[in-house]
Amino acid sequence: MSPYILTVLLLGLGLGTTITFASSHWLLAWMGLEINTLAIIPLMTQHHHPRAAEATTKYFLTQATAAAMLLFASTSSAWLSGQWEVQQMSHPLPIAMVTIALALKIGLAPFHMWLPEVLQGLDLTTGLILSTWQKLAPFALLLQLQPVSPVMLTILGLLSTLVGGWGGLNQTQLRKVLAYSSIAHLGWMILVLQTAPSLTLLTLLTYFIMTFSTFLVFKLNKATTINTLAASWTKAPALMSLAPLIFLSLGGLPPLTGFMPKWLILQELTSHGLASTATLAALTALLSLYFYLRLSYAMTLTASPNNLVGTAPWRFTSMQSSLPLAIAASTTILLLPLTPSITTLLPT
């Protein structure tokens, strides 16, 4: 792809998200989401492959459905209350419709079916943009919605953590594992969306850092399946010894960074008398932890002369800069001791 076209598309992604961030009117927020969708579609189809075309078509149809539902809900709200303001939506029916539309946009269960299939058809760089940047604009709208039914959010959150853990158990494709990981993390964020929005933002930021470092590890090794990941030990031994720590941080294992948001969310739920919800969320986190342990086992404890399907990869020198990966991996592994400082920055 031409650098000029790539620059225009990336600027379009930034513009769409910024418009949604800055808008207090539903039509402008909808317009920002549409610009975002239209900007990423050429990036998804830049590799002319049937899988990429299929993934792009599924993504477009899903996002168009969610955008139409969002527009219908905001029009209904304006008809019922005479208000187009994002924060002035008061009728429960439009609020429920907008919540469902935004859940479909980011891939919350039970509206998650498109996400693993779409992510599987993309290359790792576009998959990284889809897993991180594309979540920002819908989350900005979700945070402004008041008041969403707490029962609805709890059901969406618990179902997402369960589906995200359960769906990733039997996967051998790394991109599908990351898609189910995304669904599970989104579930954790939704659980405390109403009670502690600042904690939701902290969880989102932590998820972005951990996912960024995971995608860069896969990109450096050109790994898309567990088998190729297991065979990449000889290519970058130092990185492969750190990669299991990155995966276990994604799973939320102490004393790694990923434990911090889960710990704070469980504490927040318990302080609001939702001990049963916190217990169920913690139990579903064990499912996610299992498939990260599978990845770690495949990388570190499988014997080198293994009977892989396929040929051994050529060991070309990687052209990827190691600085972003070094920063992201360090943050992914070492941030937990700073939890007291981070919690003091969160608004109460």
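Residues numbered from 1 in each chain as written. Predicted model: local features only at pLDDT ≥ 70, side-chain atom pairs only at ≥ 80, totals over all residues. Heavy atoms only, no water.

A. Fine view of the packing of aromatic side chains. Inspection of the entire model under this criterion finds five aromatic pairs. Geometrically, the ring pair formed by Phe218 and Phe247 is tilted, given 5.7 Å between the ring centres and 40° between the ring planes. Taken together, the residues span a long stretch of sequence, with Phe218 in helix H10 (residues 197-221) and Phe247 in helix H12 (residues 237-251) at a distance of 29 residues. For the pair shown, Phe218 and Phe247 are each scored as buried. Seen from their ring centres, Phe259 and Trp263 are 5.7 Å apart, and the 15° between their planes marks the pair as stacked. Pair noted here: Phe259 and Trp263 are both in helix H13 (residues 259-271), with a separation of four residues, about one helical turn. Residue classification places Phe259 among the partly exposed residues on the basis of a relative accessible area of 25%. (Phe/Tyr/Trp six-rings, centres within 6.5 Å; stacked < 30°, edge-to-face > 60°. Helix = DSSP H or I, 4+ residues; strand = E, 2+ residues; numbered from the N terminus. Buried < 20%, exposed > 50% of the residue type's maximum accessible area, 1.4 Å probe, protein only.)

B. Molecular detail of the side chain of Thr339. The residue Thr339 is located in helix H16 (residues 339-345) in this model. Among the polar contacts listed, one links the side chain of Thr339 to the backbone oxygen of Leu336, at a separation of 2.5 Å. (Polar contact = N/O pair within 3.5 Å; in protein donor to acceptor, adjacent residues only side chain to side chain.)

C. Broad picture of the nonpolar core. Counting residues in hydrophobic clusters, the biggest one holds 33 residues, and the most contacted among them are Leu174, Val217, Phe218, Leu229, Leu239, Phe247 and Leu295. Mapped by element, the contributors of at least two residues to this core are helix H6 (124-131), helix H9 (174-191), H10, helix H11 (226-230), H12, helix H14 (275-300) and helix H15 (323-334). With seven residues, the top contributor of residues to this core is H12. With near-sequence residues (within four places) excluded, Phe247 lies in contact with Thr214, Phe218, Leu229, Tyr292, Leu295, Ser296 and Met299. Among the nonpolar cores identified, the runner-up in size contains 32 residues, and Leu33, Ala137, Phe139 and Met189 belong to it. (Core = buried A, V, L, I, M, F, W, Y, C linked by side-chain atoms within 4.5 Å. Contact = heavy atoms within 4.5 Å.)

D. The arrangement of the UniProt feature "transmembrane region" (unreviewed entry) in the protein chain in detail. Those places that UniProt annotates as "transmembrane region" (unreviewed entry) correspond, in this numbering, to residues 60-81, 93-115, 151-170, 177-193, 199-218, 230-253, 273-293 and 325-346. Within the segment residues 60-81, helix and strand shares are 100% and 0% respectively, and the terminal C-alpha atoms sit 31 Å apart. Across residues 273-293 one finds 90% helix and 0% strand; the C-alpha atoms that close the span lie 32 Å apart. (UniProt positions renumbered as here; feature names shortened; annotations may be inferred.)

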